[in-house]
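Here is how the chains run, residue by residue.
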Amino acid sequence: MARVVKVFRTLRNHWKKSTFAVCVLSYGSYWLYGKHCDSLLRREACLVAREYGRQQISPQERLRKATVILNPAACNGKANNLFEKNAAPILNLAGVEITVVKTDYEGQGKKLLELMEETDMLIVAGGDGTLQEVITGLLRRTDQDTFSNTPIGFIPLGSHNSLSPSLHLLSDNKVKDITSATLSILKGETVPLDVLQIKGEKEQPVFALMGLRWGAFRDVAATISKYWYLGPLKTNAAHWFSTLREWPLVRDVSVSYLAPSLRPPDLPPQKPPRPNLLYRIIRRLKNYMNPPVEEPPKVEEPEKWEEQQLSTLELFIQTHNKNPVERRTNDSLMICAEPSDFTVSEFITVGNKKEEDSTVFTKNSTKLEASACQLQLPEGAGGFFNIDNEEYDAMPVEVRLLPRKLRFFISTERKEQLLSQTQ
C-alpha cells in the first residue's frame, strides 16, 4: 500500500510530466490500434484476392494483363507507398499480370496513353488530375473507338477523388477505400460513363467525367487553403473576404445549346448466336433473287442551336455520372447556373455547402438539359475553369456529350445502393 501511495504522490508532485506522458501514451496507443486495423483490412482483402488467384484456367487461356498508370506525386507524394502496400499485393495474389507505369511530370499521362499498347484492363492510380489525363490521352488516340472498350479501374490515391462516390462505397479509412476499389476491379462489374468533350478555339480537346465549373464559388474555393490558420472558420472567411474585394460577383455569359437526344436502348452484353448454315444460304438466295431497294441517303438537318443570356454567380456543366446506373430517357448534360441576386450571408452559406459538394445547387438555379453547348464569355473576362478539379484558363469553349463512352469498374455494393436510390 505504501508503494501505491508513493506512486500517486510522485504523479501529483510531477503533474506536468505525468500529463505529457499520458498524452503521448494515449496517442501512441491510438496510432498502433489504427495500424493494427489497417493490417486486418489488408489481410482480409488479400484472402479474397487469393481465391481469385486459385481459380483454374485452361491451357489456351492466358493471364489477364493490366496496365497501371500511377502518379507517385498524388496525395502529397504518398501515392506510391499506398499503392505498393494496399493495391499491388491484391492484384498479384489474384493472378493479374500488372505493368506499372509511373508518371514523372504533369501532362505525361496524356502522352503515355497515346502510345500505349492494348491491354485487358486499364487501372488509374491517382486523383482527379491523373484520371483526366488518362481519359484525355485515351480519347485522343486514332483508334479510340476500339481502345475505349477497354474497362477502366480507378484506385483513389489523390487529394481529390470526385469519381469515387459514383463507383465505390467510401469510408473514413484510406486503406479500406483503396482495398475495396481494387477488389471491385477483380469482381469485373462495370458501368458505362458519359464523357464531356471540351474544345477551345485553338487547342486540342480536353475530356472530363464530372464537369466544367466557372464562377465566383470556384474562385473562392481555390483560395480557402490560404486561410488554414483560421481552422474551421477558413471557408467562411474566404467567402467573406472575397465579398470585401468585390461585390456583386456576378458573371455574364452567353450559352448556346442543342436539345438532348433520345437515349438508345442498351446493347445486349453478348452477341446473338449465328444462324445455322441452311438459314444463311436461303437468306442469300432471297437477297440475290430480290435485291433490297437501296434507300436514298438521309439529308442531315442543320443543328438547331438555342441561345440564352445568363447572369450568374456560378455556371456548372456536368454529366449524370453522379449516379451512373440511373435509367434516363435522354442522353444529356446539365447546364446549371446559380441566380445572381444572393445576399452576402446567402453567398457564404451556399459556399459552405458547395465546399462539401460542388454539384449542389439552390432551388432557384437555372437548369438546362442539352446534348452540346457553347460558352461565349464577355470580352476581358478572365479567370479560370475547373475541369474535373483541374485548373484551365477560361475561354470560349464548345462542350459536347459523348454518351456512355467509357466503361468503369464499379463495386457491386455501391451499384445496388445507387439502384435503390432511383426506385
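How each quantity is defined
- Residues numbered from 1 in each chain as written.
- Predicted model: local features only at pLDDT ≥ 70, side-chain atom pairs only at ≥ 80, totals over all residues.
- Heavy atoms only, no water.
- Domains from an automatic or database assignment.
- Contact = heavy atoms within 4.5 Å.
- Buried area = accessible area lost by both parts, 1.4 Å probe.
- Salt bridge = Lys/Arg side-chain N within 4 Å of Asp/Glu carboxyl O.
- Polar contact = N/O pair within 3.5 Å; in protein donor to acceptor, adjacent residues only side chain to side chain.
- Helix = DSSP H or I, 4+ residues; strand = E, 2+ residues; numbered from the N terminus.
- Nonpolar A, V, L, I, M, F, W, Y, C, P; charged D, E, K, R; others polar.
- Pairing = 2+ DSSP bridges.

### Describing the domain arrangement of the protein chain
Splitting the protein chain by domain gives domain 1 (29–53 + 61–188) and domain 2 (211–264 + 303–403). Facing the 8 residues of domain 1 at the interface are 8 residues of domain 2. Carbon and sulfur atoms make up 44% of the area that domain 1 and domain 2 hide from each other, which totals about 660 Å². Among the residues domain 1 hides against domain 2, the three largest losses belong to Asp-128, Gln-132 and Ser-166. Together they make up 58% of the total. Taken together, domain 1 and domain 2 are joined by 0 salt bridges. On inspection of domain 1 and its partner domain 2, the count reaches 6 residue pairs in polar contact (both at pLDDT 80 or more). Take the side of domain 1 that touches domain 2: its biggest share by element is 3 residues, from helix α7 (residues 128–139). For the side of domain 1 that touches domain 2, the per-class residue count stands at no nonpolar, 5 polar and 3 charged.

### Here we look at the pairing of strand β16 (residues 384–387)
Both strand β7 (residues 211–215) and β16 contribute to a ladder of 2 bridges, which runs antiparallel. Within β16, the residue paired with Arg-213 across the bridge is Asn-386. In the sheet, β16 pairs with strand β17 (residues 390–393) via 4 bridges, with the strands oriented antiparallel. Residue pairing in the sheet places Ile-387 in a bridge with Glu-390 of β17. As consecutive antiparallel partners, β16 and β17 are separated by 2 residues, and within that stretch Asp-388 has a phi angle of approximately 50°, a positive value.

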